[in-house]
Amino acid sequence: MASFGWKRKIGEKVSKATSQQFEAEAADDKDLGDDDDANWALAAKRRKEVLLEDCVRKSKELKDEGANLAENRRYREALVKWDEALQLTPEDATLYEMKSQVLMSLHEMFPAVHAAEMAVQRNPRSWDAWQTLGRAQLGLGEIALAIRSFQVSLHIFPMNPEVWKEDLSWARKLQEQQKATKTGSVQALAKGKELVQESIPDYDFESDEIVAVCAAIAEKEKALSAAKTMVIVSASGTVETVTEQDNCPATPDETLFIRAR
């Protein structure tokens, strides 16, 4: 019986030199493949950079065109240009801030506030974006919010005299007027309530005068109810009003008269 042994491996018959040559060729192919992958990644990155540069350049051109249109009071056309620019560079805070200014010039306060909020979200450290937001909020009647926005703008750029002397000063003046108006309205309402309360006399319904008047009215109503009035229409067509007393129940002859009421 044949003795048991391990089976030979397939590669054992391949010479060492042939094996080394095969491994070297495989390594070269791998290096070439790695180089191709690296080149492709670099090319894709470069194309992306070129595309971004083109978008930024085109967006700047549209922004400048819109600014020229806004200076000539062609606000609607300026908005169209800036919307096209935002499609290319949606994170440009200055585009939203410029839109907000133009929308305020068109008295569209809700969109102006929204555009200014978008500018602040994209660049919270932009003092002019906060200033524009405060002006839009002030145009909407949100005085407290406007004051806060102006204060943030001054916190970022404390040496800005325009925000300090004009915007914030005007907003605080409006706030004082608003408080004074509310106080005057509350006082007028309270005074009106006091006048209403004072105009109602405090009658004593149990006084002798009130009792005497009530008794007189009751007697008069009793005398009126004691007499009954009828309208009689005769057979010939004449109309006659007859008062029937309780102590005189007799009525006219029904053959001669027709009772109408």
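By convention here, each chain's residues receive numbers from 1 onward along its written sequence. In keeping with the model being predicted, local features are shown solely for residues with a pLDDT of at least 70 and side-chain atom pairs are shown and tallied solely at 80 or more, while totals for entire chains, interfaces and linings include all residues. Computation of side-chain values: all heavy atoms of the structure, hydrogens and water removed.

Looking at an unreviewed UniProt entry, one finds the protein chain named TTC33 protein, with Toxostoma redivivum as its source organism.

Things to note about the side chain of Thr-132
Among the secondary structure elements, Thr-132 is positioned in helix 5 (residues 127-139). We call two N or O atoms a polar contact when they sit within 3.5 Å, provided that within protein one can donate a hydrogen and the other can accept it, with sequence-adjacent residues counted only if both atoms are side-chain atoms. A polar contact is formed between the side chain of Thr-132 and the side chain of Glu-97, at a distance of 2.6 Å. Two residues qualify as a contact provided that any one of their heavy atoms is within 4.5 Å of a heavy atom in the partner residue. Sequence-distant contacts of Thr-132, that is, excluding residues within four places in its chain, are made with Glu-97, Ser-100, Gln-101, Met-104 and Ala-116. Helix and strand assignments come from DSSP, with helices taken as H or I runs of at least 4 residues and strands as E runs of at least 2, each series counted from the N terminus.

Describing helix 2 (residues 75-88)
Under the 1.5 Å per step criterion, the end-to-end length of helix 2 is 20 Å for 14 residues, consistent within 8% with the ideal 20 Å. A simple rule labels every residue: compare its accessible area, found with a 1.4 Å probe on the protein chains alone, to the largest value its type can have, and call it buried under 20%, exposed over 50%, or partly exposed in between. Looking only at helix 2, the buried set comprises Tyr-75, Ala-78, Leu-79, Trp-82, Ala-85 and Leu-86. Seen end-on, helix 2 carries its buried residues on one side only, within an arc spanning 120°. Multiplying 1.5 Å by the residue count of a helix minus one yields the expected span of that helix. Relevant arc is that of directions from the helix axis to the C-beta atoms, nothing else.

Some points on the packing of aromatic side chains
The criterion for an aromatic pair is that two Phe, Tyr or Trp rings (for Trp, the six-membered ring) have centres within 6.5 Å, with stacked assigned to planes under 30 degrees apart, edge-to-face to planes over 60 apart and tilted to the rest. Tallied over the full model, the rule gives one aromatic pair. The interplanar angle of 55° and the centroid separation of 5.3 Å between the aromatic rings of Trp-127 and Phe-157 together place this pair among those described as tilted. A residue pair is termed long-range when its members are at least 10 positions apart, and Trp-127 in helix 5 and Phe-157 in the loop between helix 6 (143-156) and helix 7 (161-199) qualify at 30 residues. The partly exposed category is assigned to Trp-127, whose relative accessible area is 28%.

Here we look at helix 3 (residues 93-105)
With 13 residues, helix 3 should reach 18 Å at 1.5 Å per residue; the first-to-last C-alpha distance of 19 Å fits that figure. Of all 13 residues in helix 3, 10 are buried, a share of seventy percent or more. Buried within helix 3 we find Ala-93, Leu-95, Tyr-96, Glu-97, Met-98, Lys-99, Ser-100, Val-102, Leu-103 and Met-104. His-107 occupies a position one or two residues after helix 3 and carries a positive phi of about 60°.

Considerations on the environment of Gly-139
With respect to the element layout, Gly-139 can be found in helix 5. Taking the C-alpha atoms as reference, Gly-139 lies 9.4 Å from Glu-108; in sequence the two are 31 residues apart.

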